[in-house]
Amino acid sequence: MGTTSSKSSLQSGTWSGQLGTAGATQPQKQDSSGAPGKATRTKEDSWCRHAAYVVDAGSNHTVVFKYATSPQRQPVQLGSATLKFTALGAENHKPCNLKLADVIEGEDYAQFYGLLLSELGRLGWVGQPVLIGATAGVRKLRDSASSGPDKIERFGRDVRESGAIGPHAEFRLLEGVDEARYEWAAARALFGEFFRQSGKGEVQLFAGGGASVQVAMADSAGPPLSVPSMATRPIQEALKEKGRDAIEAEKGKLRSALEAHPIRPRGHFVCIAGFADVAEKLGFANEWVHAMATIPRLESLLEDLLAQRGAGWEAAREKWRERVEHLWPIAAAGCVRLGVLLESFPEDSQLFFAEAPPATAAAESPPKLCWPLGHYLEDHGLAAAEAHNHES
């Protein structure tokens, strides 16, 4: 499943909106129902026979995506599913997201293989190649444990040699810059026309992962950037334990990470993943907003969430209902991280928080913007040729 940079009919920003997420009318979302084995609906046509399967093994989830290319040379997301399991002794027996870093560290692969095979079967897999791509969670295992590299190597060898996921399965540990490159390839394909129609120039990317942040700028001479040490989970724990007293200390840690890996953004960006999730939860997704004007909005929402009163808290209660007590620290941590990052943006920068561009009324939704889509585009010669000029 090597990467190709060949030029094709799908150039930067030529997403037509005619085909996208097959069998759906809204952008694909990860399974949040809490039910194991719940996969999105699929549609099988003659052009779906050579579908590709890409597994996103992130720091907080493992999601398998199914892609194909339409006769019009457009990428189509045929389905997706999140790997979940019920832990022994779990409260309320609620399923948990499977994390590949835990699987690799524990060296017990049977549960992972079983869950993955189950979801692949639901998505129509009949032995096609499967790419398992690990990101920040497994990178952390590699960098923080002396035995991490050996365990990762053993897992990769088992994927290749055991045949558990078929004879053509591949495991790959992606660096942050790989994530950013693939995400950017997807962003250019999906958002290029929307950016031009909005007068925003070339697509630029701002992606918030579970433990890192990726930035890709059109006028940069180098490759996309990845900023480590940007995890939101430690911020969540600090806010739950110390409340307001934790804010400045957590902001200081984030600013130190940015000093070590400066991003110097300029121009306009599409903001995806964790950033889009925060915006969707807090009410400013799918619209252009000024970076500087968003900071006080985030601070106000953070204050309301910590105080558990005010307009921000009431909006959170209305949106999350009985889950608000569990979800508010996630949103609050997202506010802290995003607010610090926006301090680096110039006053004239505008941001669009979304995981898919606005679709026309008659169009099916485009695929979800994520690194697996970008990998599929590159691997099948569909990525914009211009994106490859920025590779190191």
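Use the structure listed above.
Undergrad: Looking at this model, I keep getting lost on the overall build of the protein chain. Mind explaining?
TA: Along the protein chain, the regular secondary structure elements total 12 helices and 13 strands. By residue count, 53% of the 392 residues in the protein chain fall in the buried class. A fraction of 73% describes how many contacts in the protein chain between residues 6 or more apart in sequence connect residues 24 or more apart. Accessible surface, the protein chain: about 16900 Å² in total, of which carbon and sulfur atoms supply 48%.

Undergrad: Help me understand the packing of aromatic side chains in this model?
TA: The way to describe two aromatic rings as a pair is by their centre distance and the angle between their planes. Taken as a whole and assessed by the stated rule, the structure comprises 20 aromatic pairs. Their ring planes at 50 degrees and their centres at 5.9 Å tell us that Phe112 and Tyr113 sit as a pair that is tilted. A relative accessible area of 0% places Phe112 in the buried class. Ring geometry for Phe206 and Phe275: centres 4.5 Å apart, planes at 25 degrees, overall stacked. Placement of Phe206 in strand 8 (residues 205-208) and of Phe275 in helix 8 (residues 274-282) is noted, with a sequence separation of 69 residues between them. Here Phe206 matches Phe275 in class, with each residue buried. Members of the aromatic cluster, each reached through a chain of ring pairs, are Tyr109, Phe112, Tyr113, Phe155 and Phe171. A cation sits over an aromatic face here: Arg181 above Tyr182, 4.7 Å from the ring centre.

Undergrad: Would you explain the environment of Ala276 in this entry?
TA: As for its position among the elements, Ala276 is in helix 8. A residue is classified by how much of its surface remains accessible, and Ala276, at 6% relative accessible area, is buried. Residues Ala276 and Phe353 lie 77 residues apart in sequence; the distance between their C-alpha atoms is 4.7 Å. Beyond its immediate chain neighbours, meaning those up to four positions away, Ala276 contacts Cys271, Phe353, Ala354 and Glu355.

Undergrad: Looking at this structure, I do not really get the sheet that holds strand 13 (residues 350-353). What am I missing?
TA: Picture the strands of a sheet paired through backbone hydrogen bonds; they go either parallel or antiparallel. Read from one edge to the other, the open sheet built from six strands follows the order 10-9-8-11-13-12, with strand pairing classed as mixed. Either end of the sheet is taken by a strand with one partner, and the two such strands are strand 10 (225-227) and strand 12 (288-290). Between one strand axis and the next, the sheet turns by 25 degrees as a mean value, whatever way the strands run. Summarising the sheet, strand 8 and strand 11 (residues 269-273) pair through four bridges and their orientation is parallel. Across the sheet, the residue bridging to Gly208 is Ala273, located in strand 11. Together, strand 12 and strand 13 form the strand contacts of helix 9 (residues 291-307), whose direction differs from that of strand 12 by roughly 85 degrees. Together, strand 8, strand 9 (213-216) and strand 13 form the strand contacts of helix 11 (residues 324-342), whose direction differs from that of strand 8 by roughly 150 degrees.

Undergrad: Help me out: how do you make sense of the packing of helix 5 (residues 176-197) against helix 12 (residues 371-379) in this one?
TA: Helix-helix packing is characterised by the crossing angle of the two axes and by the distance between the axes. Closest axis-to-axis distance for the helix 5/helix 12 pair is 7 Å, and the angle between their directions is 80 degrees. Classed by the angle they form, the pair helix 5 and helix 12 counts as roughly perpendicular. Across from Glu179, Arg181, Tyr182, Glu183, Ala185, Ala186, Ala189 and Leu190 in helix 5, the residues of helix 12 making contact are Trp371, Leu373, Gly374, His375, Leu377 and Glu378. Here the contact of helix 5 with helix 12 is composed, by residue class, of eight nonpolar, two polar and four charged.

Undergrad: Can you walk me through the nonpolar core in this structure?
TA: Burial of nonpolar side chains together is a common tendency in soluble globular proteins. By size, the foremost hydrophobic cluster in this structure holds 49 residues, and its most contacted members are Phe206, Leu342, Leu351 and Phe353. Considering each element in turn, this core owes the most residues, 12 residues, to helix 11. Those residues in contact with Phe353, other than ones at most four positions away along the chain, are Cys271, Phe275, Ala276, Ala279, Phe284, Ala285, Asn286, Glu287, Val289 and Leu338.

Calculation notes
Residues numbered from 1 in each chain as written. Predicted model: local features only at pLDDT ≥ 70, side-chain atom pairs only at ≥ 80, totals over all residues. Heavy atoms only, no water. Helix = DSSP H or I, 4+ residues; strand = E, 2+ residues; numbered from the N terminus. Buried < 20%, exposed > 50% of the residue type's maximum accessible area, 1.4 Å probe, protein only. Contact = heavy atoms within 4.5 Å. Areas by Shrake-Rupley, 256 points an atom, 1.4 Å probe, with all protein chains shown as cover. Phe/Tyr/Trp six-rings, centres within 6.5 Å; stacked < 30°, edge-to-face > 60°. Lys NZ or Arg CZ within 6 Å of the ring centre and 35° of its normal. Pairing = 2+ DSSP bridges. Axes fitted to C-alpha atoms, helices over the stretch in contact; angles between N-to-C directions. Parallel < 35°, antiparallel > 145°, perpendicular 65-115°, else oblique. Nonpolar A, V, L, I, M, F, W, Y, C, P; charged D, E, K, R; others polar. Core = buried A, V, L, I, M, F, W, Y, C linked by side-chain atoms within 4.5 Å.

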